[in-house]
Every structure is written in structure tokens, then in C-alpha cells.
Amino acid sequence: AQSVAQPEDQVNVAEGNPLTVKCTYSVSGNPYLFWYVQYPNRGLQFLLKYITGDNLVKGSYGFEAEFNKSQTSFHLKKPSALVSDSALYFCAVRDMGGNAGNMLTFGGGTRLMVKP
Amino acid sequence: GAVVSQHPSRVICKSGTSVKIECRSLDFQATTMFWYRQFPKQSLMLMATSNEGSKATYEQGVEKDKFLINHASLTLSTLTVTSAHPEDSSFYICSAGGDNNQPQHFGDGTRLSIL
């Protein structure tokens, strides 16, 4: 079985400061990892993914994430936060070794609040 | 890029009404689509996997007779909430894609409010 944990319900940062949104995962095989962002009353927008290769993945809107196999983590980061980054962020995993097809398992979500 | 269109975006109706929500993949074919339910300030809960040309696969605890899924073509899946009641009020989101290591693409969701 696969699972994802986002330990923080909310992260508060000041505009211009770096931000980190944490994610840890558990899978039986190798993971496909994704970050999505959700704005109010909207669906999810894809930010970035890790499949294989470099552990540091760069994505949309200046976001990046680092895959750490030993810590089973995939934290989302951005060097300088913008007020417009305020949204709900979801980490998701798909087990490459599983038989669940394309099904994703989502973390509980982290609300990012960037204050001016 | 790949786009998933979900319609309607909002429905307000009386208790006992059946509501149909459509999910379309606009520029790619999707043999599999997913339907999620999201409660306020919570994560997405997978309800069912919609399979083109065959029966949907429902997650544990989801009533298949309550939430009817039809995936009649490679670009369209529908979710019908039958005889909806206030407890069915929620935000419903569909997604498609994910083949060949690509990310799933999500519709913009449907906010269902049952009075």
C-alpha cells in the first residue's frame, strides 16, 4: 500500500522569504512523486514530478522539489515566496511497482499563506 | 497542453434530484479517468476509477448505485449522483491521463449543493 504524509496543515511565510512544504511517502516499489497546487474552487494544477534521474526537480512558477530516498521525502521549495503563491498544495505518489495503474495517493494538503 | 474539462462548475438543486457531472479530455484519449470528492479544507478522496468500455471500480465505502459512472468513449466520463441529499453536497473533481509517466490532469471541479 502507498501513502503520503504532509505533516503541516498550514505554512506561513513572508513575501520574499524562502518556503518549504514538507512531504514524506511510503511505497512498496519505486515512487513516482508529484506536487499539485489548488486555488479556491478550482481543480488541481500540476507543478512538478519526480520519476527518475536528478534528485532536484524544477517545476512551474519557480518551484522545485528534492527527492530524498533515504528519508523518503519530497519537499517542495521556492527561494522567494510571492503572495500569489498562497494556495493549497498537495503531494501525491504513485507506486511504480504496484498494480494500481495510474492511481495517485494524495497527502492531506498544506495551506501556504504568504503575507506581504 | 493536455486539458480536462469538467461541467457544470456549480450545481444547486433540491433534495431528491439526480445530478450528472461530465468530465472530458479535450486533446487526448483517456481509457481511465478518476473521480474524487473533496470536503472543505480536506484532501481528495478517490471515489472510483472510470474505465472506458467496462464497469467502474469503486473504492470501499462508495455506493455504486448512488454514484453512477459511465465511460462510454475515450474522451468522456460522467458521474451521476442519484437522488441527491444534503450530505452529498461536496466538491467533485475528475482527472485523466497519467500514462507513460505523465501527470494526471484535473478538471476544475464541480461544487454540488443540495438544499
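Everything discussed here concerns the structure shown above.
Described below are features of the structure shown in this document. (Residues numbered from 1 in each chain as written. Chains lettered and ligands numbered in written order. Predicted model: local features only at pLDDT ≥ 70, side-chain atom pairs only at ≥ 80, totals over all residues. Heavy atoms only, no water.)

This paragraph deals with the overall build of chain A. Scanning chain A for helices and strands turns up zero helices and twelve strands. Going from the N terminus to the C terminus, chain A shows its helices and strands as β-β-β-β-β-β-β-β-β-β-β-β. With the C-alpha coordinates aligned to their principal axes, the bounding extent of chain A is approximately 45 × 30 × 20 Å. A separation threshold of at least 6 residues defines the contact pool for chain A, and within that pool the share at least 24 residues apart is 58%. Summed over all atoms, the accessible surface of chain A reaches about 5500 Å², with 48% contributed by carbon and sulfur. Separation between the mean location of the 10 positive side-chain charges and that of the 8 negative ones in chain A comes to 4 Å. (Helix = DSSP H or I, 4+ residues; strand = E, 2+ residues; numbered from the N terminus. Contact = heavy atoms within 4.5 Å. Areas by Shrake-Rupley, 256 points an atom, 1.4 Å probe, with all protein chains shown as cover. Lys, Arg positive; Asp, Glu negative; His and termini not counted. Charge placed at Lys NZ, Arg CZ, Asp CG, Glu CD.)

The next thing to look at is the environment of B:Glu59. Structurally, the position occupied by B:Glu59 is in the loop between β6 (57–58) and β7 (67–73). In this structure, B:Glu59 is in contact with A:Met103, B:Leu46, B:Met47 and B:Ala48, ignoring residues within four places of it in sequence.

What follows covers the nonpolar core. Judged by nonpolar contacts, the single largest core of 27 residues is most densely connected at A:Trp35, A:Leu47, A:Leu48, A:Phe74, A:Leu76 and A:Tyr89. The element best represented in this core is strand β10 (residues 87–95) of chain A, accounting for four residues. Contact partners of A:Tyr89, with chain neighbours within four places excluded, come to A:Gln6, A:Trp35, A:Tyr36, A:Val37, A:Leu47, A:Phe63, A:Leu76, A:Gly109, A:Thr110 and A:Leu112. Counting residues in each nonpolar core, the second largest holds 25 residues, with B:Met47, B:Phe67, B:Cys94 and B:Ile114 among its members. (Core = buried A, V, L, I, M, F, W, Y, C linked by side-chain atoms within 4.5 Å. Buried < 20%, exposed > 50% of the residue type's maximum accessible area, 1.4 Å probe, protein only.)

To continue, consider the pattern of salt bridges. Residue and element names in this part refer to chain B. For the structure on display, the rule yields five salt bridges over all chains. The residue Arg24 makes a salt bridge to Glu22 at a minimum N-O spacing of 3.4 Å. With a relative accessible area of 24%, Glu22 lands in the partly exposed category. Residue Asp88 pairs with Lys66 through a salt bridge whose shortest N-O separation is 2.8 Å. With Asp88 in the loop between β8 (76–81) and β9 (90–97) and Lys66 in the loop between β6 and β7, the pair connects residues that are 22 residues apart, well separated along the chain. By the burial criterion, Asp88 is buried, and Lys66 matches it. (Salt bridge = Lys/Arg side-chain N within 4 Å of Asp/Glu carboxyl O.)

All names here are of chain A. Taken as a whole and judged by the stated rule, the model has 13 aromatic pairs over all chains. Pairing Tyr25 with Phe67 gives two aromatic rings, centres 6.1 Å apart and planes at 25 degrees, and the pair type is stacked. Here Phe67 lies in strand β8 (residues 64–68) and Tyr25 lies in strand β4 (residues 24–26), a separation of 42 residues in the sequence. Phe67 carries the same exposure label as Tyr25, and that label is buried. Where Tyr50 meets Phe67, the ring centres are 4.1 Å apart and the plane angle is 15 degrees; that geometry is what we call stacked. Highlighted residues: Tyr50 in strand β6 (residues 44–50) and Phe67 in strand β8, separated in sequence by 17 residues. The same class applies to Tyr50 as to Phe67, namely buried. (Phe/Tyr/Trp six-rings, centres within 6.5 Å; stacked < 30°, edge-to-face > 60°.)

Contact with chain B, which involves 22 residues of that partner, is made by 20 residues of chain A. Both sides together, the interface formed by chain B and chain A hides about 1700 Å², and carbon and sulfur atoms give 51% of it. Taken together, the links from chain B to chain A amount to one salt bridge. The partner of B:Asp108 in a salt bridge is A:Arg42, and the shortest N-O contact between them spans 3.3 Å. Inspection of the region where chain B meets chain A yields six residue pairs in polar contact (both at pLDDT 80 or more). (Buried area = accessible area lost by both parts, 1.4 Å probe. Polar contact = N/O pair within 3.5 Å; in protein donor to acceptor, adjacent residues only side chain to side chain.)

It is worth spelling out the layout of surface pockets at this point. Residue and element names in this part refer to chain A. The computed volume of the largest pocket comes to approximately 260 Å³. Forming the walls of the largest pocket are 16 residues, and the residues nearest its centre are Gln38, Pro40, Asn41, Leu88 and Arg111. Within the lining of the largest pocket, the residues separate by chemical class into seven nonpolar, five polar and four charged. (1 Å grid on protein atoms, 1.4 Å probe; cavity = no way out; pocket = protein on both sides within 12 Å on 5 of 7 lines; lining within 4 Å. Points joined across faces, edges and corners; volume = space filled by probe spheres on them. Nonpolar A, V, L, I, M, F, W, Y, C, P; charged D, E, K, R; others polar.)

Moving on: the pairing of β8(A). All names here are of chain A. Relative to β8, strand β7 (residues 56–58) runs antiparallel, the two being bridged by three bridges. Bridge pairing links Leu56 to Glu66 in β8. Counted along the chain from β7 to the antiparallel partner β8, the turn is five residues long, and its residue Tyr61 has a positive phi close to 60 degrees. Bridging between β8 and strand β9 (residues 73–78) involves five bridges; their strand directions are antiparallel. Its bridge partner being in β9, Phe67 is matched across the sheet by Phe74. Two successive antiparallel strands, β8 and β9, enclose a turn made up of four residues, where Thr72 displays a positive phi of approximately 45 degrees. (Pairing = 2+ DSSP bridges.)

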